[in-house]
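Residues per chain are reported as follows:
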Amino acid sequence: MDNSMKTIKVSAAIIKREHSVFATQRGYGAQKGKWEFPGGKIEPGESPEQAVVREIREELAIEIIVQKLLTVVEYDYPDFHMQMYCFLCEICERKAGRPVLREHEAARWLTRETIDEVDWLPADQVVLHRVKEFMV
């Protein structure tokens with residue numbers, strides 16, 4: 001990591017349901033059209049867990065339950081270093097509802113057989129092997 005590079009800390013939700021995980025397609029920015037696990041920046045004073053719950057509520061209008069931290073990805077993009085906390089989550093059944101795409105172009109539930117069909121963001125590609133481990 002280049003020490004002069006700005007570090008951005010984000011949280012991502014790997015939302016699982018039976019044998020699939022939820023992925024979203026970016027609808028904005030330089031990486032528009034690429035696929036990712038939904039989430040966003042960690043705000044000052046916020047824990048990574050709090051950030052992922054807030055971001056999913058804001059972006060998808062659903063409540064999630066954070067089960068565990070799966071991994072932390074360190075990735076250097078050309079303009080910044082990303083530290084991404086990847087949480088294994090599920091949709092809260094009590095407050096169920098369908099995800100509403102407020103910031104994304106598209107979304108899909110992907111299985112082990114279809115997870116490689118989408119064009120993932122580079123940092124998200126790093127975690128795919130870990131995700132596939134629990135998708136049987």
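Cut-offs used in this document
Residues numbered from 1 in each chain as written. Predicted model: local features only at pLDDT ≥ 70, side-chain atom pairs only at ≥ 80, totals over all residues. Heavy atoms only, no water. Core = buried A, V, L, I, M, F, W, Y, C linked by side-chain atoms within 4.5 Å. Buried < 20%, exposed > 50% of the residue type's maximum accessible area, 1.4 Å probe, protein only. Helix = DSSP H or I, 4+ residues; strand = E, 2+ residues; numbered from the N terminus. Polar contact = N/O pair within 3.5 Å; in protein donor to acceptor, adjacent residues only side chain to side chain. Contact = heavy atoms within 4.5 Å. Phe/Tyr/Trp six-rings, centres within 6.5 Å; stacked < 30°, edge-to-face > 60°. Salt bridge = Lys/Arg side-chain N within 4 Å of Asp/Glu carboxyl O.

(A) Representation of the nonpolar core in the model. Ranked by size, the top nonpolar core spans 25 residues in total, and within it Ile-14, Phe-37, Met-84, Ile-115, Trp-120, Val-127 and Val-131 carry the most contacts. Secondary structure elements with two or more residues in this core: strand E1 (6-17), strand E2 (20-26), strand E5 (64-76), strand E6 (80-91) and helix H2 (122-134). With 15 residues, the next largest nonpolar core counts Ala-13, Ile-15, Phe-22 and Val-52 among its residues.

(B) Broad picture of the side chain of His-104. Looking at the element boundaries, His-104 is found in strand E7 (residues 104-111). Within the structure, the side chain of His-104 is placed 3.2 Å from the side chain of Thr-24, a separation counted as a polar contact. At 3.2 Å, the side chain of His-104 and the side chain of Glu-36 are in polar contact. Discounting residues that sit within four places of it in the chain, His-104 has contacts with Thr-24, Gln-25, Arg-26, Gly-27, Glu-36, Glu-59 and Leu-60.

(C) Broad picture of the packing of aromatic side chains. For the structure on display, the rule yields four aromatic pairs. On the numbers, 4.7 Å between centres and 35° between planes, the contact of Phe-37 with Trp-120 is tilted. In this pair, Phe-37 sits in the loop between strand E3 (35-36) and strand E4 (39-41) while Trp-120 sits in the loop between E7 and H2, placing the two residues 83 residues apart along the sequence. For the pair shown, Phe-37 and Trp-120 are each scored as buried.

(D) Inspection of the pattern of salt bridges at higher detail. For the structure on display, the rule yields 11 salt bridges. The shortest N-O distance in the salt bridge between Arg-26 and Glu-36 comes to 3.1 Å. A residue pair is termed long-range when its members are at least 10 positions apart, and Arg-26 in strand E2 and Glu-36 in strand E3 qualify at 10 residues. Per residue, the accessibility class of Arg-26 equals that of Glu-36, and both read buried. For the salt bridge of Lys-132 with Asp-116, the shortest nitrogen-to-oxygen distance reads 2.9 Å. In this pair, Lys-132 is assigned in helix H2 and Asp-116 in the loop between E7 and H2, connecting sequence segments 16 residues apart. Each of the salt bridges in this network shares a partner with another, and the network as a whole consists of Glu-43, Glu-46, Arg-54, Glu-55 and Glu-58.

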